[in-house]
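Fold and contact review
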Amino acid sequence: MKAAVLQEFKKPLAILEVPRPQLEPGDVLIQMEACGVCHSDLHVADGDWSQLSGIVKRPLILGHEIVGRVIEKAGDAKGLQIGDRVGVPWVHWTCGQCEFCHEGNENLCIRQKITGVTIDGGYAELVKAPASHALKIPDRLDAVEAAPLFCAGVTVYRALKQARVSPGQKLAVFGVGGLGHLAVQVAREMGADVTAVDISDEKLALAKSLGATAVFNAATTNVVKELRSVGRVHVALVASAARAAYETAFSCVRPGGTLLVVGLPAENICFPPIMMSATEIRIQASAVGTRQDLREVLALAAEGKIRCRVGARPLSEANHALDQLRSGQVSGRIVLVAY
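Residues numbered from 1 in each chain as written. Predicted model: local features only at pLDDT ≥ 70, side-chain atom pairs only at ≥ 80, totals over all residues. Heavy atoms only, no water.

The next thing to look at is the environment of I61. Take I61: it is sitting in strand β4 (residues 60-61). Classification of I61 by relative accessible area gives buried; the value is 6%. Considered as a pair, I61 and P21 are 40 residues apart in the sequence and their alpha carbons are 11 Å apart. Those residues in contact with I61 that lie beyond four places of it in its chain are M1, A3, A4, V5, V18, G116, I119, D120, G121, G122, Y123 and A124. (Helix = DSSP H or I, 4+ residues; strand = E, 2+ residues; numbered from the N terminus. Buried < 20%, exposed > 50% of the residue type's maximum accessible area, 1.4 Å probe, protein only. Contact = heavy atoms within 4.5 Å.)

This is how it looks when you write it as structure tokens:
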């Protein structure tokens, strides 16, 4: 089968013919139809996350926003049939036994396997997954539009769900890319008054069309001044990988509000402890999501309440897609397809 393979950090992926995945009991083999290109893929490929470098499988097939059809089953693979259309997320497998799994936080499982990091992912014509963790996709969802929901969609959904966003609250989304444009829609569905912040007028126009009531270009506008003039925001969700976005967002959160850490800069971020203490601002992170979170996101999408803006590229253009992501040229999400 054809796959885009990471052989060395900071080097282009190699488009190669590689062996078909070997199934283990309980696995299914999936013919890839679509796989989203996530900023996390870029961090893995560029070796940005030194704390993860020791667990990154190499050679590695990237990709953790996978949609395809089951074409083979092994052993006691239950719950899925040949021909089922399924999705495979970042959380490839969880143990079901540790305290986090028992607490309903399987996304924090201490034994979890990670798609496209510790296990080969979806930048390939075929991919394997445990039947227990591959989720069926509603018939009405298009494969290309559904793929980014398995990371970008579920990540922002869980972040906003955990922050307990309520109708009428003021919420700002910093960075209107693959995650941010979905965050605007999810927050809108939760009843929030959404402001979008970016440095691209094109992305801000997209945010406006998706329900943002106000938009600000951080390159030409004093965003802190503008948001402070309306009392600041209850929740700021940072979907950007820029450190500057976090620094601006922190100053826009009202006392007692929440800063949601979603975008992942390659460098560390730091906030002034005196201001955190004086204003009781909560800093809250989100680690993708659980299978239940994913079911809820897929249901929202099937009802037409959220929709991912996508651009399809053939698998052979994986390196070009990553380069576009590096340069900030992507509005919405690039999705690789197997043709």
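Having seen the model, we can carry on.
Let us look at empty space enclosed by the protein. Tallied over the full model, the rule gives two cavities of 30 Å³ or more. Estimated volume of the largest cavity: approximately 50 Å³. Residue classes in the lining of the largest cavity are distributed as three nonpolar, three polar and two charged. (1 Å grid on protein atoms, 1.4 Å probe; cavity = no way out; pocket = protein on both sides within 12 Å on 5 of 7 lines; lining within 4 Å. Points joined across faces, edges and corners; volume = space filled by probe spheres on them. Nonpolar A, V, L, I, M, F, W, Y, C, P; charged D, E, K, R; others polar.)

Looking now at the sheet that holds strand β15 (residues 253-261). Picture the strands of a sheet paired through backbone hydrogen bonds; they go either parallel or antiparallel. Strand order in the open sheet formed by six strands is β13-β12-β11-β14-β15-β16, and the pairing between neighbours is parallel. The open sheet has two free edges, formed respectively by β13 (214-217) and β16 (282-285), since each of these has just one partner strand. The sheet shows a mean angle of 20 degrees between the axes of neighbouring strands, direction not considered. The sheet contact formed by strand β11 (residues 170-174) and strand β14 (residues 233-238) spans four bridges and is parallel. Residue pairing in the sheet places A172 in a bridge with A236 of β14. The strands touched by helix α8 (residues 243-250) within the sheet are β11, β14, β15 and β16, with β15 carrying the most contacts at an inclination of about 160 degrees. (Pairing = 2+ DSSP bridges. Axes fitted to C-alpha atoms, helices over the stretch in contact; angles between N-to-C directions.)

This part is about the sheet that holds strand β2 (residues 14-17). Strand order across the open sheet formed by three strands is β2-β1-β4, with antiparallel pairing between neighbours. At either margin of the open sheet sits one strand with a lone partner, and together these are β2 and β4.

Relative orientation of the contacting elements helix α4 (residues 152-162) and helix α5 (residues 180-189) amounts to 45 degrees, with a least axis distance of 9 Å. Considered as vectors, α4 and α5 are oriented oblique to each other. As α4 runs across α5, the sense of the crossing is right-handed. Together, A152, G153, V156, Y157 and L160 of α4 and L182, A183, V186 and A187 of α5 make up the contact between the two elements. Taken together, the residues of the contact of α4 with α5 sort by class into eight nonpolar, one polar and no charged. (Parallel < 35°, antiparallel > 145°, perpendicular 65-115°, else oblique. Left-handed = near helix turned anticlockwise from the far one by under 90°.)

With that settled, the discussion passes to the pattern of salt bridges. Applying the stated rule across the entire model yields 17 salt bridges. With a closest N to O distance of 3.0 Å, D120 and K57 form a salt bridge. Of the two residues, D120 sits in the loop between β8 (113-114) and β9 (126-130) while K57 sits in the loop between α1 (39-45) and β4, which places them 63 residues apart along the sequence. Take D120: its relative accessible area is 25%, and that puts it in the partly exposed class. Judged by its relative accessible area of 31%, K57 is partly exposed. Put simply, R326 and D323 hold a salt bridge, and the shortest N to O gap is 2.7 Å. (Salt bridge = Lys/Arg side-chain N within 4 Å of Asp/Glu carboxyl O.)

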